[in-house]
Amino acid sequence: MNEEFEYSNVTFADYFAKLIRDKDLNISEIVKESKIERTYCYHIIDGRKQPGRDKVIALCIAAQLNIEETQRCLTLAKH
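Residues numbered from 1 in each chain as written. Predicted model: local features only at pLDDT ≥ 70, side-chain atom pairs only at ≥ 80, totals over all residues. Heavy atoms only, no water.

(A) Region of interest: the overall build of the protein chain. Per the secondary structure count, the protein chain includes 6 helices and 0 strands. Counting over 79 residues, the protein chain shows a buried share of 37%. Across the protein chain, every contact between residues at least 6 apart in sequence was considered, and the portion connecting residues at least 24 apart equals 54%. (Helix = DSSP H or I, 4+ residues; strand = E, 2+ residues; numbered from the N terminus. Buried < 20%, exposed > 50% of the residue type's maximum accessible area, 1.4 Å probe, protein only. Contact = heavy atoms within 4.5 Å.)

See below:
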């Protein structure tokens, strides 16, 4: 993992966006698979909304993140 994301004060949205880029994932597919309302989901992903625990987990499952990535997302989202 990039030191910038390992040691800096990163937000959930920053980290999730980096994972999406690094894994070359399709955002619209993640939104669809997460079963979260589309507009709200995009607001979470771009950092305009702070997601709850269940939303973070839904996004992580939709993006097929591993347990370490999911745990980091939960930590960054303060859950």
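Structure shown, so let's carry the discussion forward.
(B) Highlighting the packing of helix 5 (residues 53-62) against helix 6 (residues 67-76). Helix 6 packs onto helix 5 with a crossing angle of 150° between their chain directions and a minimal axis gap of 10 Å. Our classification of the angle between helix 5 and helix 6 gives roughly antiparallel. Relative to helix 6, the crossing made by helix 5 is right-handed. On helix 6, the residues touching R53, V56, I57 and C60 of helix 5 are T70, C73 and L74. (Axes fitted to C-alpha atoms, helices over the stretch in contact; angles between N-to-C directions. Parallel < 35°, antiparallel > 145°, perpendicular 65-115°, else oblique. Left-handed = near helix turned anticlockwise from the far one by under 90°.)

(C) Spotlight on the pattern of salt bridges. The full count for this structure, using the stated rule, is 4 salt bridges. Here E69 makes a salt bridge to K23, at a shortest N to O gap of 3.1 Å. Residue E69 is found in helix 6, and its partner K23 is found in the loop between helix 2 (12-22) and helix 3 (27-34); the two are separated by 46 residues along the sequence. Residue classification places K23 among the partly exposed positions, given a relative accessible area of 35%. Put simply, D54 and R53 hold a salt bridge, and the shortest N to O gap is 3.1 Å. (Salt bridge = Lys/Arg side-chain N within 4 Å of Asp/Glu carboxyl O.)

(D) Examining the environment of R38 more closely. Counting through the fold element by element, R38 comes out in helix 4 (residues 38-45). Residues R38 and S28 lie 10 residues apart in sequence; the distance between their C-alpha atoms is 8.8 Å.

(E) Broad picture of helix 2. By the burial criterion, the buried members of helix 2 are F12, A13, Y15, F16, K18, L19 and I20. Among the residues trailing helix 2, D24 stands out with phi positive, at a value near 55°.

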